[in-house]
Amino acid sequence: DRCRFRARRSTRRTVVKATRSMQSIQTPETVSKSAASGSSEPVEAVSVVVVGGGPHALAALAALVGGDGKSPVRGTVAVIDPGSHFLDAWCGRFRALEIDRLRSPAYVHPSAFEPTALVEFAIREGRTAELEAAPVAVQWMPTTDHRPEHADSSGASLLKALPSSALFRDFCASLEAELPHKWLRGTATRVARAGGGGGGGGSSFRVQYSAAGEPHELREVEAAALILATGPVGAWSIPPPFAPLLSAASSACGRVLHSEQLLTQGRGTLREEVARRSGGDGGPASVLVIGGGISAAQAALTASRAGHRVVLRSRRPLQSRPFDIAVGWLDVRHADRLRFEYLCLPPTRRLQAIRDATAGGSVPAPYLEELQRLAASPGSSLRIEVDEAVDRGVCTSTAD
């Protein structure tokens, strides 16, 4: 519970739907595959299966087998993910968008029972310079555990600082190496109750997955408990006028890019993709960025730094917050109450509560300041526009 990860809309993984009947839980993309479940591989038995390999999955593993050695799990914890290790996709996303710093303070990390673990890792590795003070105007307390060694030269708590992406990545790699688990590289395609006869009251779960590199080879693992750590799911947010151009296959329409494609299609960095889609002749191109969050800001800055003419258009004026969520959720004096109120809500209202707490996309202060500075410069090639009707416009492609 000490690990308070934001629900990031940027993470898109396999959608799994749960039912209480004997019908299996299937994704729309894998219905035909899961119907043919005859796998020649023996079913492997473990204690817990975690589906997903991002920060939330690592936090779940740490909560299960980490801490003071009194693990609530007897037996093996298996992790199913297409990557080769924890945070594989997460690191790829940060590289693609060239994001070098997190928006979460240094005590928000996957080591579930040790809030100071990341700071202590930075101190031990001599990397406290990678912890940057968060631009928070109000006073807040991340913990009541104040130690002199966890403060910077000015006396400010390093637990409030924002870690670099590289520091967070390396800390998570060290945590992964300490936690016993079995990595099953592949994509979960089907989940069903097992061993319960009719009525769906089985005592365990059976998870079918396709092995990485062998999509037609289906394997199965059975566990008493199942954790879905796939992150937020759903369709990409695409303004209707641009949807036909994004899905079209013609070369003229190939200049419309969703930031998620950088990760899902392995297209390299955003800077490289903008250069490819602008003709690749090295000259300036006109780039329109739709969005009002950190990905849109990073895309606009990247294109502008590369010398292109950029318009950043959003439904409402850009807003800046130090974190993706209200600071009260990160303040020890209020966080327990807010979490309690959230858990008291019926499940049908929790998603809206998360949306209310995040209040839409926001841009880190340094990004917003640079955007505003560039837009205000004489002869600037970057413009910031607000268009509440961006979803109702008309977009057409041209041959040039």
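(A) Quick look at helix H2 (residues 55-65). Counting buried positions along H2 yields nine of eleven residues, so the element is predominantly enclosed. Taken as a whole, H2 has its buried residues at Pro55, Ala57, Leu58, Ala59, Ala60, Leu61, Ala62, Leu64 and Val65. Buried residues along H2 sit in contact with strand S2 (44-51), strand S3 (77-81), helix H3 (88-97), helix H5 (165-178) and strand S8 (214-228).

(B) Quick peek at the pairing of S8. Alignment of S2 against S8, held across seven bridges, turns out to be parallel. Paired with Val49 across the strands is Leu226, a residue of S8. Here seven bridges tie strand S7 (residues 204-211) to S8, and the two strands are oriented antiparallel to one another. Paired with Gln208 across the two strands is Glu220, which belongs to S8.

(C) Spatial organisation of the packing of aromatic side chains. Scanning all chains against the criterion turns up four aromatic pairs. Relative to Trp183, the ring of Phe86 has its centre 4.9 Å away and its plane inclined at 75 degrees; by these criteria the two rings are edge-to-face. Pair noted here: Phe86 is in the loop between S3 and H3 and Trp183 is in strand S6 (residues 182-194), with a separation of 97 residues, a long-range link. Pairing Trp90 with Phe168 gives two aromatic rings, centres 5.2 Å apart and planes at 40 degrees, and the pair type is tilted. With Trp90 in helix H3 and Phe168 in helix H5, this pair connects stretches of sequence that are 78 residues apart.

(D) Just the pairing of S7, in detail. Burial analysis of S7 places seven of its eight residues in the buried class, the great majority of the element. With eight bridges connecting them, S6 and S7 associate as antiparallel partners. Bridging across to S7, Gly186 finds its partner in Ala211. Where S7 folds back on S8, the antiparallel hairpin that results is connected by two residues, among which Gly213 adopts a positive phi of roughly 80 degrees.

(E) Representation of the environment of Leu330 in the model. Examined against the element boundaries, Leu330 turns out to sit in the loop between strand S10 (309-314) and helix H10 (335-344). According to the relative accessible area criterion, Leu330 is buried, its value standing at 5%. In sequence terms Leu330 and Pro142 are 188 residues apart; their C-alpha atoms lie 6.1 Å from each other. Leaving out residues up to four positions away in the same chain, Leu330 has contacts with Pro105, Tyr107, Val108, Trp140, Met141, Pro142, Phe323 and Ile325.

(F) Spatial organisation of the pattern of salt bridges. Tallied over the full model, the rule gives 16 salt bridges. Glu220 is the partner of Arg206 in a salt bridge, and the nearest nitrogen-oxygen pair spans 3.8 Å. A residue pair is termed long-range when its members are at least 10 positions apart, and Arg206 in strand S7 and Glu220 in strand S8 qualify at 14 residues. By relative accessible area, which is 31% here, Arg206 ends up partly exposed.

(G) Expanded view of the sheet that holds S10. If you walk across this open sheet you meet the three strands as S9-S10-S11, and the pairing is parallel. The open sheet terminates on both sides in strands that have one partner only, identified here as strand S9 (286-290) and strand S11 (382-386). For this sheet the average axis-to-axis angle between neighbouring strands, irrespective of direction, equals 20 degrees. Pairing geometry for S9 and S10, over five bridges, is parallel.

(H) Examining the packing of helix H8 (residues 270-277) against helix H9 (residues 294-305) more closely. Taken N-terminus to C-terminus, the directions of H8 and H9 make an angle of 60 degrees; their axes are 9 Å apart at the nearest point. Here H8 lies oblique to H9, going by the angle between them. Regarding H8 and H9, the two cross each other, and that crossing is right-handed. Across the interface between the two elements, Leu270, Arg271 and Val274 of H8 pack against Gln298, Ala299, Thr302, Ala303 and Arg305 of H9.

(I) Up close: the packing of helix H4 (residues 117-124) against H5. Remark: H4 packs on H5, axes separated minimally by 10 Å, with the N-to-C direction vectors making an angle of 100 degrees. By the angle class used here, H4 and H5 are roughly perpendicular. Between H4, through Ala117, Leu118, Phe121 and Ala122, and H5, the contact on the second element is made entirely by Leu167, Phe168, Asp170, Phe171 and Ser174. A per-class count over the contact of H4 with H5 returns seven nonpolar, one polar and one charged.

(J) Seen up close, unusual backbone geometry. We note that Leu87 has phi near 65 degrees; this positive angle belongs to a residue other than glycine. Summarising the element assignment, Leu87 is placed in the loop between S3 and H3. Unlike most non-glycine residues, Glu98 shows phi in positive territory, near 55 degrees. By the secondary structure assignment, Glu98 is in the loop between H3 and H4.

(K) How the structure looks around the confidence of the model for the protein. Per-chain confidence: the protein averages 79 in pLDDT, with 80% of residues scoring 70 or above. Mean pLDDT across the secondary structure elements of the protein bottoms out at strand S1 (residues 25-26), with 32, and peaks at S3, with 97. Predicted confidence for residues 1-38 stays below pLDDT 50, and this span has 97 contacts to residues more than four positions away or in other chains.

What counts and how
Residues numbered from 1 in each chain as written. Predicted model: local features only at pLDDT ≥ 70, side-chain atom pairs only at ≥ 80, totals over all residues. Heavy atoms only, no water. Buried < 20%, exposed > 50% of the residue type's maximum accessible area, 1.4 Å probe, protein only. Helix = DSSP H or I, 4+ residues; strand = E, 2+ residues; numbered from the N terminus. Contact = heavy atoms within 4.5 Å. Pairing = 2+ DSSP bridges. Phe/Tyr/Trp six-rings, centres within 6.5 Å; stacked < 30°, edge-to-face > 60°. Salt bridge = Lys/Arg side-chain N within 4 Å of Asp/Glu carboxyl O. Axes fitted to C-alpha atoms, helices over the stretch in contact; angles between N-to-C directions. Parallel < 35°, antiparallel > 145°, perpendicular 65-115°, else oblique. Left-handed = near helix turned anticlockwise from the far one by under 90°. Nonpolar A, V, L, I, M, F, W, Y, C, P; charged D, E, K, R; others polar. pLDDT = per-residue confidence, 0-100.

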